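# Structural overview
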Amino acid sequence: MNRALPDVRLRVPTDEDAFAWHRIFADPEVMEFHGGKAAELSVYEELTARQRRHDAELGFCLWTLVDVEGEVLGFTGAQPWPREWGPKGEIEIGWRLGRAHWGKGYVTAAALTTLERVRAAGVSDVVAMVSPGNERSIAVTRRVGMELAEVVTHPTTAEPAHCYRLAL
């Protein structure tokens, strides 16, 4: 069954979004594939500041995902892969959504918007790094046309990490 995707807005993160992200990501279910718990508030403050720089310099970032009423749902967007392992030097798309909003199409809608925006910014291909057990995120990669390109080993957990790829 195909259903219409919800309307979403992506905006450059504000200082206040650090607080919203910290609150939303305090849910252990949301953080299951991201270390199990939310980072300290200071990490989200630095992350939102870095995303504002990315937007100014690159034309894209991890945007705050907002519904039509203006409620912060999480983030979706793109940034240069920030680690020394994996797809170093490539542009990664990613998403993280509050538990109350899962299964409603928000991430798929926002990921499609992200792909349009990074394509317009001149990016020729993107990756998405996903834990192999994260079936919800794997489903999103498939919905937006990505394919599994390689499996790399996470250097600290020794667990596999799947790298999905899409040429734009």
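Description of the structure in this document.

Thresholds applied
Residues numbered from 1 in each chain as written. Predicted model: local features only at pLDDT ≥ 70, side-chain atom pairs only at ≥ 80, totals over all residues. Heavy atoms only, no water. Helix = DSSP H or I, 4+ residues; strand = E, 2+ residues; numbered from the N terminus. Rg over C-alpha atoms; globule rule 2.2 N^0.38 Å. Buried < 20%, exposed > 50% of the residue type's maximum accessible area, 1.4 Å probe, protein only. Contact = heavy atoms within 4.5 Å. Areas by Shrake-Rupley, 256 points an atom, 1.4 Å probe, with all protein chains shown as cover. Lys, Arg positive; Asp, Glu negative; His and termini not counted. Charge placed at Lys NZ, Arg CZ, Asp CG, Glu CD. Phe/Tyr/Trp six-rings, centres within 6.5 Å; stacked < 30°, edge-to-face > 60°. Salt bridge = Lys/Arg side-chain N within 4 Å of Asp/Glu carboxyl O. Expected span 1.5 Å × (residues − 1).

What follows concerns the overall build of the protein. When helices and strands are tallied, the protein shows four helices and seven strands. Reading the protein from its N end, one meets helices and strands in the order β-α-α-β-β-β-α-β-α-β-β. The C-alpha radius of gyration of the protein comes to 15 Å, within 12% of the 15 Å expected for a compact globule of 168 residues. Overall size of the protein, expressed as C-alpha extent along the three principal axes, is 40 × 35 × 35 Å. Evaluated residue by residue, the protein yields a buried proportion of 43% over its 168 residues. The contacts in the protein between residues at least 6 apart in sequence include a share of 60% that link residues at least 24 apart. With the model as given, the accessible surface of the protein reaches about 8800 Å², and the carbon-plus-sulfur share is 50%. Each charge class in the protein was averaged separately, 19 positive and 24 negative side chains, and the resulting centres sit 2 Å apart.

On to the packing of aromatic side chains, then. One pass over the full model with this rule turns up five aromatic pairs. On the numbers, 5.8 Å between centres and 45° between planes, the contact of Phe25 with Tyr44 is tilted. With Phe25 in the loop between helix H1 (15-24) and helix H2 (41-58) and Tyr44 in helix H2, this pair connects stretches of sequence that are 19 residues apart. Exposure class is identical for Phe25 and Tyr44. Each is buried. Note on Phe25 and Phe75: the rings are 5.6 Å apart at their centroids and 85° apart in plane angle, and the pair reads as edge-to-face. Of the two residues, Phe25 sits in the loop between H1 and H2 while Phe75 sits in strand E3 (residues 72-80), which places them 50 residues apart along the sequence.

Scanning all chains against the criterion turns up seven salt bridges. One salt bridge connects Lys88 with Glu84, and the closest N-O pair in it is separated by 2.7 Å. Per residue, the accessibility class of Lys88 equals that of Glu84, and both read exposed. A salt bridge links Glu90 to Arg165, with the nearest nitrogen and oxygen atoms 2.5 Å apart. One end of the pair, Glu90, is in the loop between E3 and strand E4 (91-97); the other, Arg165, is in strand E7 (residues 160-167), and 75 residues separate them in sequence. Given a relative accessible area of 26%, Arg165 falls into the partly exposed group.

As for its placement among the helices and strands, Thr48 is situated in helix H2. Given a relative accessible area of 1%, Thr48 falls into the buried group. For Thr48, the contacting residues outside a window of four places in its chain are Pro13, Thr14, Asp17, Ala18 and Trp21.

Take helix H3 (residues 106-120) next. In a regular helix each residue adds 1.5 Å, so 15 residues correspond to 21 Å; H3 covers 21 Å between its end C-alpha atoms and thus fits that length. Residues of H3 that are buried include every one of Tyr106, Val107, Thr108, Ala109, Ala110, Ala111, Thr114, Leu115 and Val118, and no others. Positioned one or two residues after H3, Gly122 has a phi angle of 95°, which is positive.

With that settled, the discussion passes to the environment of Val130. With respect to the secondary-structure elements, Val130 resides in strand E5 (residues 125-130). For Val130, a relative accessible area of 5% corresponds to the buried category. Separated by 23 residues in sequence, Val130 and Val107 place their C-alpha atoms 14 Å apart. When neighbours within four sequence positions are excluded, Val130 is seen to be in contact with Ser137, Ile138, Thr141, Ala161, His162 and Tyr164.

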